[in-house]
Structures are given as structure tokens and as C-alpha cells.
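# Descriptive structure summary
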Amino acid sequence: MSLIAFFGALESGLIYALVALGVLMSFRTLDFPDLTADGSFPLGGAIAGISIVSGIDPWIACGLGMLAGAAAGVVTAFLHVKLGILQLLASILVMVALYSVNLRIMGAPNLPLLGEETVFSSLVTNENGYWMRCVIIGVVVLIAKLALDWFFSTEAGLSMRATGSNLRMAQAQGINTSWMTIIGMAISNSLIALGGALFVQTQGGADISIGIGTIVIGLAAVIIGETIIPAKRIWLITFAVILGAVIYKLFIQVALSSNTLRSIGFGSQDLNLITALLVVIALQLPSIKSKLLSGRRT
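Rules used in this analysis
- Residues numbered from 1 in each chain as written.
- Predicted model: local features only at pLDDT ≥ 70, side-chain atom pairs only at ≥ 80, totals over all residues.
- Heavy atoms only, no water.
- UniProt positions renumbered as here; feature names shortened; annotations may be inferred.
- Helix = DSSP H or I, 4+ residues; strand = E, 2+ residues; numbered from the N terminus.
- Core = buried A, V, L, I, M, F, W, Y, C linked by side-chain atoms within 4.5 Å.
- Buried < 20%, exposed > 50% of the residue type's maximum accessible area, 1.4 Å probe, protein only.
- Contact = heavy atoms within 4.5 Å.
- Patch = residues over 30% accessible without salt bridge, like charges linked within 9 Å, V, L, I, M, F, W, Y side chains within 5 Å.
- Areas by Shrake-Rupley, 256 points an atom, 1.4 Å probe, with all protein chains shown as cover.
- Salt bridge = Lys/Arg side-chain N within 4 Å of Asp/Glu carboxyl O.
- Polar contact = N/O pair within 3.5 Å; in protein donor to acceptor, adjacent residues only side chain to side chain.
- Phe/Tyr/Trp six-rings, centres within 6.5 Å; stacked < 30°, edge-to-face > 60°.
- pLDDT = per-residue confidence, 0-100.
- Axes fitted to C-alpha atoms, helices over the stretch in contact; angles between N-to-C directions.
- Parallel < 35°, antiparallel > 145°, perpendicular 65-115°, else oblique.
- Left-handed = near helix turned anticlockwise from the far one by under 90°.
- Nonpolar A, V, L, I, M, F, W, Y, C, P; charged D, E, K, R; others polar.

## Regarding the UniProt feature "transmembrane region" (unreviewed entry) in the protein chain
Here the UniProt-annotated "transmembrane region" (unreviewed entry) positions come out as residues 86–105, 130–152, 178–200, 206–225, 234–251 and 271–288. A helix fraction of 95% and a strand fraction of 0% characterise residues 86–105, whose end C-alpha atoms lie 28 Å from each other. End C-alpha to end C-alpha, residues 234–251 measures 25 Å, and it is 100% helix and 0% strand.

## Some points on the nonpolar core
In this structure, Phe41, Leu198 and Tyr248 are the most contacted members of the largest nonpolar core, which totals 75 residues. For this core, the secondary-structure elements that each account for two or more residues are helix 1 (3–29), helix 2 (37–53), helix 3 (58–81), helix 5 (129–153), helix 8 (177–203), helix 9 (214–228), helix 10 (234–257) and helix 12 (271–297). For leucine 198, the residues in contact, after removing those within four places along its chain, are Ile15, Leu18, Cys62, Val119, Phe120, Ile137 and Val140. Of all hydrophobic cores here, the second largest spans 8 residues; its members include Ile47, Ala68, Ala90 and Val94.

## Observations concerning a nonpolar patch on the surface
There is a patch of nonpolar side chains on the surface, built from Leu3, Ile4, Phe6, Tyr130, Trp131, Val135, Val139 and Ile143 and spanning about 730 Å² of accessible area. Broken down by secondary-structure element, the contributors of at least two residues to the nonpolar patch are helix 1 and helix 5. With 5 residues, the single largest contributor to the nonpolar patch is helix 5. Structurally, isoleucine 4 can be placed in helix 1. Residue isoleucine 4 is classed as exposed on the basis of its relative accessible area, which comes to 61%.

## Focus: the side chain of aspartate 38
Mapping aspartate 38 onto the fold places it in helix 2. There is a polar contact of 2.9 Å between the side chain of aspartate 38 and the backbone nitrogen of isoleucine 215. Dropping the residues within four chain positions of it, aspartate 38 is found in contact with Met95, Gly211, Ile212, Gly213, Thr214 and Ile215.

## Digging into unusual backbone geometry
Of note, aspartate 31 is a non-glycine position whose phi angle comes to about 55°, a positive value. Residue placement: aspartate 31 occurs in the loop between helix 1 and helix 2. Residue aspartate 31 is classed as partly exposed on the basis of its relative accessible area of 49%.

## Focus: the packing of aromatic side chains
A complete count under the given rule lists 5 aromatic pairs for this structure. Their ring planes at 15° and their centres at 5.4 Å tell us that tyrosine 16 and phenylalanine 41 sit as a pair that is stacked. Within this pair, whereas tyrosine 16 is found in helix 1, its partner phenylalanine 41 is found in helix 2, the two being separated by 25 residues in sequence. Using a relative accessible area of 6% as the deciding quantity, one classes tyrosine 16 as buried. Chaining the aromatic ring pairs together yields one cluster made of Tyr16, Phe41 and Phe199.

## Examining the confidence of the model for the protein chain
Low pLDDT marks stretches whose predicted atomic positions should not be read closely. Residues with a pLDDT of 70 or more make up 94% of the protein chain, whose mean pLDDT is 88. When mean pLDDT is taken per element in the protein chain, helix 3 scores highest with 96 and helix 11 (residues 259–263) scores lowest with 67.

## Some points on the packing of helix 3 against helix 4 (residues 87–106)
In contact at an axis separation of 8 Å, helix 3 and helix 4 are set at 140° when each is read in the N-to-C sense. Comparing their axes, helix 4 and helix 3 come out oblique. You can see that helix 3 and helix 4 cross each other, and the crossing is right-handed. Contact residues: Ala72, Val75, Thr76, Leu79 and His80 in helix 3; Gln87, Ala90, Ser91, Val94 and Leu98 in helix 4. Taken together, the residues that form the contact of helix 3 with helix 4 break down as 6 nonpolar, 4 polar and no charged.

This is the structure in C-alpha cells:
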């Protein structure tokens, strides 16, 4: 794997680290199986893209994308807590609806950003582009991580964790679990949408299909991170899922660059197949690790 390919994988991994943090919020903190991510990721990209084309500052465009993602999360949570629709079904309904919404926003299946001002324009040059984008995205991810760490240490954050751990107990303690779910889903999808907003600026355009498999990548990153660094402290958990996203993308790059796989017929067209295989392996990591540990004890 070349140096440029390494930094490309690192850049992608850092973007999907934001997705992983969002998935951590929904799946792990709230125990809410949320497929809205496949719609909120391109939603953030679409909003950011159309804002940039309209002459809005790229950072403000990212903020608008986050707000749109938060709104999508609120709708999903509202369908569940207020209308009584099952969590998974509510998220699927919003995900399907967002496909049409994203098409409406962009006015076409794709929106080019070539030649437009992006968050990378002022610092990135032809000489440092392959690593400077990683630095900028890394700073954004670090800010998001620290903000989540702080939030989870507050009373609202602890209430949200209690809501996901034991809903009835949280209600018995006087916690408004409905509001905790709505707020948590808003935060989750705002982070995912921010990832989409940054993604379209690295790719030079937004596309309606960029959200396919987003939730799979986010969940795999969380599982890989938790397996590598099992932890109870929230700051270490958030670090683990970020690391999981980067490792996951590096694995994908290594697999695509493998001469062995190429010799047996695998190529770039098999990206989704390789992704699915890696996710299966990631899902099996906890059981493999437990078997290895039990074997050592005996």
C-alpha cells in the first residue's frame, strides 16, 4: 500500500469516525437500532453541497448539514416515542423518505463541487493535500469526541445513558425518557450528517448513493473498536470507536491493494463484497476473543 493510499484510507476512516460516534450514540447509548444513517449521511452532504454552491461559507454549510441531520433524527425518534412505531420501522421510514428529500435538495442525483470553496481550500495545496485533509478532518473528529465526552459527563448525558441501559428504571427515577431519546437521536444523526458534509467536499461532489451501507460501516467500526479496546470509561469508548473506523478503512484499503486477492480475481468492483466479509469478521471478533481468552485460562 502506497503512502498516498494510506492517507486516503486514513482520511476516509476519520470521516466515518464521525459516523461511528453517531452509531455509538444510537445503538450503544440509547439501544435504538437506527437505519436513518443511510439517509442522514447523504442529507448532510446534499445540504452542505447546495449551500456551498449558493456561496455560503463551507463551515457554515457543514453546520447546516448537521442541523438537517439532527432534524432527521428527531423525526425518527418522534415516530417511535410519540406515535408508537417500532424503532427499526421508524428509522426505515425516515431513511426511505430522505432519498426523495435528498433528490429534491440537490435537484439531481448528483451535485458537482469542482472549483467551489471548501473547508480544505485555504490550507490544502497540491503538495500537502494527501495529508493536510487528514489533519483538518482529524481536528473536527477530536472536537466532536471531546464534546461527546463532556456531554456524557453532564446530568443530561447520564440521564440519556440511563435511558438506554434500563428504560423502566430511568422512568422510575423521573427521567423524561422520550426527550432523552429525541435529543440523543438528534445528536447521533447530526454527527453522521457532518461526516456526509465533509465527505462530499473531499470527493468533489454530492451523490444520492453515498449513504448506501453507512450504518454497516458505523456499526462495524463500533464493534472493532470495542473488541480492540474494551472499556467502561466514556472517553476511552469514544476513542475506541474512532480507532475502529480508521482500522476498518485501512483493512479495506489493504484488501483492495492485495496482490493475492487480485490474483484470484478480486478487484475494485468487489468493494461491497469485501466490505460485507469484513463486517462478518468484525461481528465475530468478540466471540473469537472470548474463545482465545478462555483457551489461555485452561
